[in-house]
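Results of the structural survey
What follows is each chain in one-letter form.
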Amino acid sequence: MIKMRALVKEKPEPGFVLKEVQMSENLEPDEVLVKIKNVSICGTDLHIYRWDEWAQKKIKTPQIDGHEFVGEVADIGSQVSMVKKGDTVVSETHIPCKHCIQCRTGRMHVCKNLEILGVDRDGVFAEYVKVPEIVLWKIDKSIPIDFASVMEPFGNAIHTSLVTELTGKNVLITGAGPIGAMAIAIAKHAGAAKVIVSEPKEYRIELAKKMGADLIINPQTDSVIDKVLKNTDGNGVDVLLEMSGNEKAFRDGLEVVTNGGEVSLLGVFSGNLSFDINGLFTFKGLTLHGITGRKMFETWNIATNLLKNKIIDLSPVVTHKFKLEDWQKGFEIMNKGESGKVILQVE
Ligand code: NAD
Ligand code: ZN
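Because the structure is predicted, anything quoted here is derived from the model rather than measured.

1. Some words on the coordination of the zinc ion (ligand 2)
- Within the protein, the zinc ion (ligand 2) binds to Cys-97 (SG), Cys-100 (SG), Cys-103 (SG) and Cys-111 (SG); these donor distances fall in the range 2.3 to 2.4 Å.
- What the four donor atoms of the zinc ion (ligand 2) show is an angle range of 102 to 117° at the metal, which sorts the shape as tetrahedral.
- Each donor residue of the zinc ion (ligand 2) belongs to the same chain, and together they define the spacing C-x2-C-x2-C-x7-C.
- A relative accessible area of 18% means that Cys-97 is categorised as buried.
- Classification of Cys-100 by relative accessible area gives buried; the value is 6%.

In C-alpha cells:
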C-alpha cells in the first residue's frame with residue numbers, strides 16, 4: 001500500500017480535508033503511477049470546494065479532487081510503452097474509452113464515454129495518481145515546472161482560439177480569467193489584428209493588460225457593444241472567443257460579431273440561456289464551435305512547442321504558489337477572483 005497525503009472531499013459538504021490515505025500499488029497493464037510535483041486549481045475545483053449545485057449532482061464522496069498536474073513517472077504497468085520511470089509528464093484530464101465511434105474516428109476529445117480525472121474518479125490533489133498511459137504527455141525539462149502544471153488550461157485556451165483562423169482578424173475575448181488571459185497572448189501570436197477583451201474584475205483587467213490586450217472594456221462601466229463597434233469601424237469583430245460563462249457577456253459578444261463571423265464557445269454557464277438566437281445567430285450566418293477540453297494530442301503538441309520555444313510567456317498568469325498544506329489560502333484567493341492560476345506544490 002502507498003501511504004500519501006491527499007486533499008479529500010470526505011463528505012457532501014463545502015471544503016476539503018487534507019489527510020493521509022492509502023492506495024494500492026498494483027497497476028493495470030496499461031496504467032502508470034505518477035508522483036505528483038505540482039497541481040493547479042481550476043474553476044471546476046472551486047465548484048467542488050464550494051459544493052454548489054453542479055458539484056452536489058456530479059461528485060460522489062469520498063473522492064480526491066483536482067486534475068491539473070505535472071509529475072514524474074514512478075512505476076508502469078506491464079503493457080505500458082509510451083513512458084518510462086523518471087519521465088516528466090503532464091496529462092490530459094479527459095480519459096477516453098478508446099472504443100466508441102468518436103475514439104475510433106480520431107476524435108477522442110469528444111469521447112462518448114469520457115471520464116474526467118478528479119470529477120468522475122479520484123484526482124490529483126495527492127502525492128500519487130494512477131492514470132492510463134493514453135492520457136500522459138511526456139515533456140522535456142526545458143519547460144518550467146510551473147508552466148507545465150497549467151498546460152491543461154493553456155490547452156483550453158489554444159483549442160478555443162485556434163479552432164478558427166485568426167490572422168488579420170479582429171477578435172473579442174469575453175472574460176479574462178486565467179484561460180481568457182492565456183488566449184490573449186495566443187491570439188496575438190496567431191496574428192490577430194486587434195484583440196479586444198471584456199472583463200469586470202480589476203485584478204483580471206491588469207492581467208489582460210500584461211498579456212497584451214489591445215483594448216479592455218469593463219462591462220460594468222462601459223457599453224461593450226458601443227466600444228467594440230467604435231474600435232472596428234462599425235463592423236464588429238470577426239471572431240468571438242467566449243471565456244466567461246456569463247450570459248450577458250455572451251449576448252453582448254454575439255451582438256458585435258460581424259455577419260458571417262465565427263464564435264468559439266468555451267465558457268460554461270450556470271443555467272440555460274434565453275436570448276434571440278434567430279437574430280443574434282442564425283440570420284447573421286455565424287459559425288459556432290463548441291469547445292470541450294483539448295484535442296488529443298494536437299493541442300498538447302502546440303502547447304509544448306509554444307512553451308519550449310518561449311513563444312508565449314505564462315508568468316503573468318501563474319500568480320500564486322502555495323504548499324499543499326496551505327491549500328485553503330489558494331482556494332480562497334481563487335474564490336475572490338484575485339489571482340491568475342494558483343499552484344499547489346505537492347513535492
Ligand atoms: P474564470 O471563472 O476564472 O474566468 C471567467 C472570467 O469572466 C472572470 O475573470 C470573470 O470576472 C469574467 N466575467 C464575469 N462576468 C463577465 C462579463 N459580464 N463580461 C466579461 N467577463 C466577465 O474561469 P477560467 O478558468 O478562466 O475559465 C473560463 C471559462 O471556461 C469558465 O466558464 C470555465 O467554466 C470554462 N471552462 C470550460 C472548459 C471546457 O472544456 N468547455 C474547460 C475549462 C474551463
Ligand atoms: Zn470513446
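On we go from here.
2. A word on the nonpolar core
- Counting residues in hydrophobic clusters, the biggest one holds 51 residues, and the most contacted among them are Phe-154 and Ile-173.
- When contributions to this core are tallied by element, the ones reaching two or more residues are helix H4 (145-148), helix H5 (151-162), strand E11 (170-174), helix H6 (178-189), strand E12 (194-198), helix H7 (202-210), strand E14 (237-242) and helix H11 (298-308).
- With seven residues, H6 is the largest single contributor of residues to this core.
- The residues that make up this core include at least three from each of domain 1 (2-153 + 294-345) and domain 2 (164-290).
- Core analysis: the second largest hydrophobic core is formed by 46 residues, Phe-16, Ile-64, Phe-322 and Val-346 among them.

3. Points about the sheet that holds strand E1 (residues 2-9)
- Taken in spatial order, the three strands line up as E2-E1-E4 in an open sheet, and their pairing is antiparallel. With partners counted over all chains shown, the strands left at the sheet margins are strand E2 (17-23) and strand E4 (63-64), one partner each.
- Pairing of E1 with E2 involves seven bridges; the strand directions are antiparallel. Among the inter-strand pairings, Leu-7 is bridged to a residue of E2, identified as Leu-18.

4. Some thoughts on the site of ligand 1
- With respect to spatial proximity, 23 residues lie near ligand 1, and among them Ile-179, Glu-199, Arg-204, Ile-291 and Gly-293 are the closest.
- A distance of 3.1 Å separates a nitrogen atom of ligand 1 from a polar backbone atom of Leu-266.
- The backbone of Ile-291 places a nitrogen or oxygen atom 2.9 Å from a nitrogen atom of ligand 1.
- For ligand 1, whose free accessible area comes to 850 Å², the fraction covered by protein is 79%.
- Taken together, the residues of the shell around ligand 1 sort by class into 10 nonpolar, 10 polar and three charged.

5. Details of the side chain of Asp-45
- Following the sequence through the fold, Asp-45 ends up in helix H1 (residues 43-50).
- Although Asp-45 is buried, it makes no salt bridge; Lys-341 carries the closest opposite charge, 6.7 Å away.
- When neighbours within four sequence positions are excluded, Asp-45 is seen to be in contact with Phe-16, Ser-40, Gly-66, His-67, Phe-125 and Phe-331.

6. Some words on the packing of aromatic side chains
- Taken as a whole and judged by the stated rule, the model has 12 aromatic pairs.
- Ring centres of Trp-137 and Phe-297 lie 5.5 Å apart, and the angle between their planes is 0°; on these two criteria the pair is classed as stacked. With Trp-137 in strand E10 (residues 136-138) and Phe-297 in the loop between strand E16 (287-290) and H11, the pair connects residues that are 160 residues apart, well separated along the chain.
- By relative accessible area, which is 17% here, Phe-297 ends up buried.

7. A look at the packing of H5 against H6
- In the contact formed by H5 and H6, the axes pass within 8 Å of each other and the chain directions differ by 55°. Classified by the angle their axes make, H5 and H6 are oblique. In the crossing of H5 with H6, the sense of the turn from one axis to the other is right-handed. On H6, the residues that touch Pro-153, Phe-154, Asn-156, Ala-157, Ile-158, Ser-161 and Leu-162 of H5 are Ile-179, Met-182, Ala-183 and Ile-186.

8. Quick notes on H1
- All of the buried residues in H1 are Asp-45, Leu-46, Ile-48 and Tyr-49. The arc that holds every buried residue of H1, seen down its axis, measures 160°, which confines them to one face.
- In the core, the buried residues of H1 are packed alongside E1, strand E3 (31-40), helix H2 (53-58) and helix H12 (327-335).

9. Some remarks on H12
- For H12, every residue scored as buried is listed here: Trp-327, Gly-330, Phe-331, Ile-333 and Met-334. One side of H12 carries all its buried residues, which in axial view fall inside an arc of 165°.
- Where the residues of H12 are buried, they touch E1, E2, H1, strand E17 (318-323) and strand E18 (341-345).
- Following H12 by one or two positions, Gly-337 adopts a phi angle in the positive range, close to 75°.

10. Looking at the domain arrangement of the chain
- According to the domain assignment, the chain contains domain 1 (2-153 + 294-345) and domain 2 (164-290).
- Each of domain 1 and domain 2 has a C-alpha centre, and these two points are 28 Å apart.
- Taken together, the contacts link 15 residues of domain 1 with 13 residues of domain 2.
- Regarding the contact of domain 1 and domain 2, the summed buried area is about 1,100 Å², with carbon and sulfur atoms giving 76% of it.
- Considering only the side of domain 1, the residues that lose the most area to domain 2 are Ile-312, Pro-316 and Val-317, jointly responsible for 36% of the buried surface there.
- Linking domain 1 to domain 2 there are zero salt bridges.

Conventions and cut-offs
- In every chain, residue numbers begin from 1 and rise along the written sequence.
- Here chains are named by letter from A upward and ligands by number from 1 upward, in the order in which they appear as written.
- Only residues with pLDDT of at least 70 are given local features in this predicted model, and only at 80 or more are side-chain atom pairs given and counted; all residues enter the totals for whole chains, interfaces and linings.
- Values reported for side chains reflect all heavy atoms of the structure, with hydrogen atoms and water molecules removed beforehand.
- A 2.8 Å cut-off from the metal defines N, O and S donors, relaxed to 3.2 Å for Na, K and Ca; water is not in the atom list, so some sites may appear incomplete.
- Every angle between 85 and 135 degrees makes a four-donor site tetrahedral, while opposite donors more than 155 degrees apart, with all other angles between 65 and 115, make a four-donor site square planar and a six-donor site octahedral; other sites are irregular.
- Summary of the burial criterion: residues with accessible area below 20% of their type's maximum are buried, those above 50% are exposed, and those between are partly exposed, where the area comes from a 1.4 Å probe applied to protein chains only.
- The definition of a nonpolar core used throughout is a set of buried Ala, Val, Leu, Ile, Met, Phe, Trp, Tyr and Cys residues joined through side-chain atoms within 4.5 Å.
- Secondary structure elements follow DSSP: runs of H or I no shorter than four residues count as helices, runs of E no shorter than two count as strands, and numbering proceeds from the N terminus.
- Start and end points for every domain follow an automatic or database-based domain assignment.
- At least two bridges found by DSSP between two strands is the condition for calling them paired.
- One heavy atom within 4 Å of a molecule or strand makes the whole residue count as near it.
- Polar contacts, as used here, are pairs of N or O atoms within 3.5 Å; protein pairs need one atom able to donate a hydrogen and one able to accept it. Residues neighboring in sequence count only if both atoms are side-chain atoms.
- For the accessible areas, the method is Shrake-Rupley and the probe is 1.4 Å, while residue cover comes only from the protein chains on display.
- Under the grouping applied here, Gly and all other residues not named as nonpolar or charged are polar, the nonpolar ones being Ala, Val, Leu, Ile, Met, Phe, Trp, Tyr, Cys and Pro and the charged ones Asp, Glu, Lys and Arg.
- By the counting scheme adopted, Arg and Lys are positive, Glu and Asp are negative, and His together with the chain ends is not counted.
- When a carboxyl oxygen of Asp or Glu is within 4 Å of a side-chain nitrogen of Lys or Arg, the pair counts as a salt bridge.
- Whether two residues touch is decided by their heavy atoms; if any such pair falls within 4.5 Å, the residues are in contact.
- Whether two aromatic rings pair depends on their centres lying within 6.5 Å, for rings of Phe, Tyr and Trp, where Trp uses its six-membered ring; planes under 30 degrees apart make the pair stacked, over 60 edge-to-face, and the rest tilted.
- Between the N-to-C directions of two axes lies an angle of 0 to 180 degrees, each axis being a line fitted to C-alpha atoms and, for a helix, fitted only over the stretch in contact.
- For classification purposes, an angle smaller than 35 degrees is called roughly parallel, one larger than 145 roughly antiparallel, one from 65 to 115 roughly perpendicular, and anything else oblique.
- We call a crossing left-handed when the near helix sits turned anticlockwise from the far one by less than a right angle, and right-handed when that turn is clockwise.
- Picture the helix axis, draw a direction to every C-beta atom, and the arc is the one those directions span.
- Summed over both partners, the accessible area (1.4 Å probe) lost when two parts come together is defined as the buried area.

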